[in-house]
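What follows is each chain in one-letter form.
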Amino acid sequence: MSDGFLQEILFGDPAFLARVLIVGVCAYVALVIIVRLSGKRTLSSMNAFDFIVNVAVGSILASTIVSRDVSLAEGLLALGILVVLQYAVSWSSVRSSGVQKAVKSEPRLLFHAGEFLHGAMRRERIAESEIRQALRSEGVASLEGVHAIVLETNGNLSVLTKGGDGPGVLVDVAGPRR
């Protein structure tokens, strides 16, 4: 194996390394500016739609930095389009329940009033062991003190302990109430 071959494997083309450095720094700065202008919601993970946007932003950024076929201008345009579309959809979903229903799932009640809601758990593909894991993560040692467990729109499990009266924070959660 020659030294040139090993150098090519480890370092590649020095000109391309310079491109990665320059484009990487410029793309990062542009992303920070875009996120600051578009608001905190742009890179949040409040629901599945936001998660998809985050994955797409990461993919575009990576492609822009390491692909010889994507120019900085093309990558920044793609980032800009994605952020503008995400902004438009989130803006619209706050103002229209129809848009909100189209792009966001409902939180789902999985445990309530001392009972696992097995039908909801099957629909959401959540096992009792995963719920017990969430309880342990929250420092809850017993189901006795738990009022409800909710699968949120972002995939997290929320554990609500007993206390208080009325519907409270369960008002927008899908599932049976007692």
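What comes next concerns the included structure.

Rules used throughout
Residues numbered from 1 in each chain as written. Predicted model: local features only at pLDDT ≥ 70, side-chain atom pairs only at ≥ 80, totals over all residues. Heavy atoms only, no water. Helix = DSSP H or I, 4+ residues; strand = E, 2+ residues; numbered from the N terminus. Rg over C-alpha atoms; globule rule 2.2 N^0.38 Å. Buried < 20%, exposed > 50% of the residue type's maximum accessible area, 1.4 Å probe, protein only. Contact = heavy atoms within 4.5 Å. Areas by Shrake-Rupley, 256 points an atom, 1.4 Å probe, with all protein chains shown as cover. Phe/Tyr/Trp six-rings, centres within 6.5 Å; stacked < 30°, edge-to-face > 60°. Lys NZ or Arg CZ within 6 Å of the ring centre and 35° of its normal. Expected span 1.5 Å × (residues − 1). Arc of directions from axis to C-beta. Polar contact = N/O pair within 3.5 Å; in protein donor to acceptor, adjacent residues only side chain to side chain. Core = buried A, V, L, I, M, F, W, Y, C linked by side-chain atoms within 4.5 Å.

## Observations regarding the overall build of the protein
The helix and strand tally for the protein stands at 7 helices and 4 strands. At 23 Å, the protein has a C-alpha radius of gyration far larger than the 16 Å of a compact globule built from 178 residues. Over its C-alpha atoms, taken along the principal directions, the protein stretches across nearly 70 × 45 × 25 Å. Classification of the 178 residues of the protein by burial places 30% in the buried group. Within the protein, contacts between residues at least 6 apart in sequence are counted, and of these 52% link residues at least 24 apart. Total accessible area on the protein stands at roughly 11400 Å², and carbon and sulfur atoms take up 61% of it.

## Remarks on the packing of aromatic side chains
Two aromatic rings, taken as a pair, are described by how far apart their centres are and by the angle between their planes. The final tally for this structure, using the stated rule, is 1 aromatic pair. Lying across the ring of Phe 16, Arg 68 places its NZ or CZ 4.0 Å from the centre.

## Remarks on helix H3 (residues 48–66)
With 19 residues, H3 should cover 27 Å at 1.5 Å per step; its first-to-last C-alpha distance of 27 Å lies within 8% of that length. Among all positions of H3, only Asp 50, Val 53, Asn 54, Val 57, Ile 60, Leu 61, Thr 64 and Ile 65 are buried. Projected down its long axis, H3 shows its buried positions confined to an angular sector of 130°, all on one face. Turned more than 90 degrees off the buried face of H3, the exposed positions are Phe 51, Ile 52 and Val 66.

## Section: the side chain of Arg 108
For Arg 108, the position within the fold is in strand S1 (residues 108–112). A distance of 3.2 Å separates the side chain of Arg 108 from the side chain of Glu 124, its partner in a polar contact.

## A word on the nonpolar core
Core analysis: the largest hydrophobic core is formed by 21 residues, its most contacted members being Leu 109, Leu 110, Ile 131, Val 146, Ile 149 and Leu 157. Going through the elements one at a time, S1, helix H6 (118–124), helix H7 (128–137), strand S3 (146–151) and strand S4 (157–161) are the ones with two or more residues in this core. Ranked by residues supplied to this core, first place goes to S3 with 5 residues. Aside from chain neighbours lying at most four places away, what touches Ile 131 is Leu 110, Phe 116, Met 121, Ile 126, Ile 149 and Leu 157. Listed in part, the 12 residues of the second largest apolar core include Leu 31, Ile 34, Val 35 and Ile 65.

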